[in-house]
Amino acid sequence: MRVYISADIEGITGTTVWSETELNTSDYAQFQQQMTKEVLAAIEGATAGGATEILLKDAHDSGRNILIENLPENVKIIRGWTQEPMCMVAGLDESFDRAIFIGYHSEGGSEKNPLAHTLSLLADVKINGEYASEFLINTYAAALHGVPVAFVSGDKALTEHIARYNDEIVTFATKEGIGHATISVSPQTTLKETKRLIEVAMKIERSKLQIELPQQFNVEIIYKDHIKAYRNSFYPGAKFKAHNTVQFETTDYFEVLRLLQFLT
Ligand SMILES: [Zn+2]
């Protein structure tokens, strides 16, 4: 059984300020190690739950965060960026039984994680009128290939956001954001619960975990810089919406991913 894991850092236990997420800063090492440990716990849980092969995407910033020396033999890792529209879930296709997201975070526009954003720090994204998280964008991307998401770890508001879409998806809250602060559980608790809950999530019927793709997508990219919005509104099929938004409508979710790849 093949399992896909996508890992980010802004929902990893303890991460609170940007320097803790940035390669080559002195704040980063501790959280690089914690991200690696949370990913290893996820791999253990998935393997205990029946995964025989795992494809792991390092999906934060440079795509070169996870320390690879202790990855088990049943794991392959994608480092760096393929530059395809599948982006944070590159390589995910019909051959996978289920997907797992580790260290995910609240959407841009949320005040519930000091590191909240969606894809870039330059813009927030709405899909069908709601602020969209990377969880939602990547869960829809997985659904394009018929693959459900079984488990997600990240901030508390993200776990509540996920429950609104499908409360069968197993989640674990690593921390809660308040203003520019976070309240985190013990890193030990995250490791223990990640492993345990993923083993549980591996046994849930795939059909219960599915999130259905909408028939129609109305995408708005709300830029912090209105000049960027004006420029990007010349993307084929897109429209400028005053004063800082690019709007795009489609029935094909791959076109949403293509848009996000080029405009965020
Ligand atoms: Zn990230």
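Shown above is the structure to which this text applies.
Residues numbered from 1 in each chain as written. Predicted model: local features only at pLDDT ≥ 70, side-chain atom pairs only at ≥ 80, totals over all residues. Heavy atoms only, no water.

Caption draft 1: Fine view of helix H2 (residues 134–144). Among the 11 residues in H2, 10 count as buried, and that is most of the element. Listed as buried for H2 are Glu-134, Phe-135, Leu-136, Ile-137, Asn-138, Thr-139, Tyr-140, Ala-141, Ala-142 and Ala-143. Where H2 is buried, its residues contact strand E4 (98–104), strand E5 (123–127), strand E7 (149–155), helix H3 (156–165), strand E10 (217–223) and helix H7 (253–263). Gly-146 lies just past H2 and shows a positive phi near 75°. (Buried < 20%, exposed > 50% of the residue type's maximum accessible area, 1.4 Å probe, protein only. Helix = DSSP H or I, 4+ residues; strand = E, 2+ residues; numbered from the N terminus. Contact = heavy atoms within 4.5 Å.)

Caption draft 2: Up close: the layout of surface pockets. Here the largest pocket is characterised by a volume of approximately 560 Å³. Together, 26 residues line the largest pocket, and Ala-59, Asp-61, Trp-81, Leu-119 and Ser-120 are the ones closest to its centre. By residue class, the composition of the lining of the largest pocket is 12 nonpolar, eight polar and six charged. Put simply, the second largest pocket is a space of about 160 Å³. Taken together, Ser-106, Glu-107, Ser-110, Glu-111, Lys-112, Glu-130, Tyr-131, Ala-157, Glu-160, His-161 and Arg-164 form the lining of the second largest pocket. (1 Å grid on protein atoms, 1.4 Å probe; cavity = no way out; pocket = protein on both sides within 12 Å on 5 of 7 lines; lining within 4 Å. Points joined across faces, edges and corners; volume = space filled by probe spheres on them. Nonpolar A, V, L, I, M, F, W, Y, C, P; charged D, E, K, R; others polar.)

Caption draft 3: Highlighting the coordination of the zinc ion. Every protein donor of the zinc ion is accounted for by Asp-8 (OD), Glu-10 (OE), Glu-10 (OE) and His-60 (ND1), and the metal-donor separations fall at 2.0 to 2.6 Å. Geometry at the zinc ion is irregular, judged from its four donor atoms and the angles of 54 to 132° they form at the metal. Read from N- to C-terminus, the donor residues coordinating the zinc ion fall into the pattern D-x1-E-x49-H. Pair noted here: Asp-8 is in the loop between strand E1 (2–7) and helix H1 (29–48) and His-60 is in the loop between strand E2 (53–58) and strand E3 (75–78), with a separation of 52 residues, a long-range link. Considered together, Asp-8 and His-60 belong to a single accessibility category, that of buried residues. (Donors = N, O, S within 2.8 Å, 3.2 Å for Na, K, Ca; no water. Tetrahedral: all angles 85-135°; square planar, octahedral: opposite > 155°, others 65-115°.)

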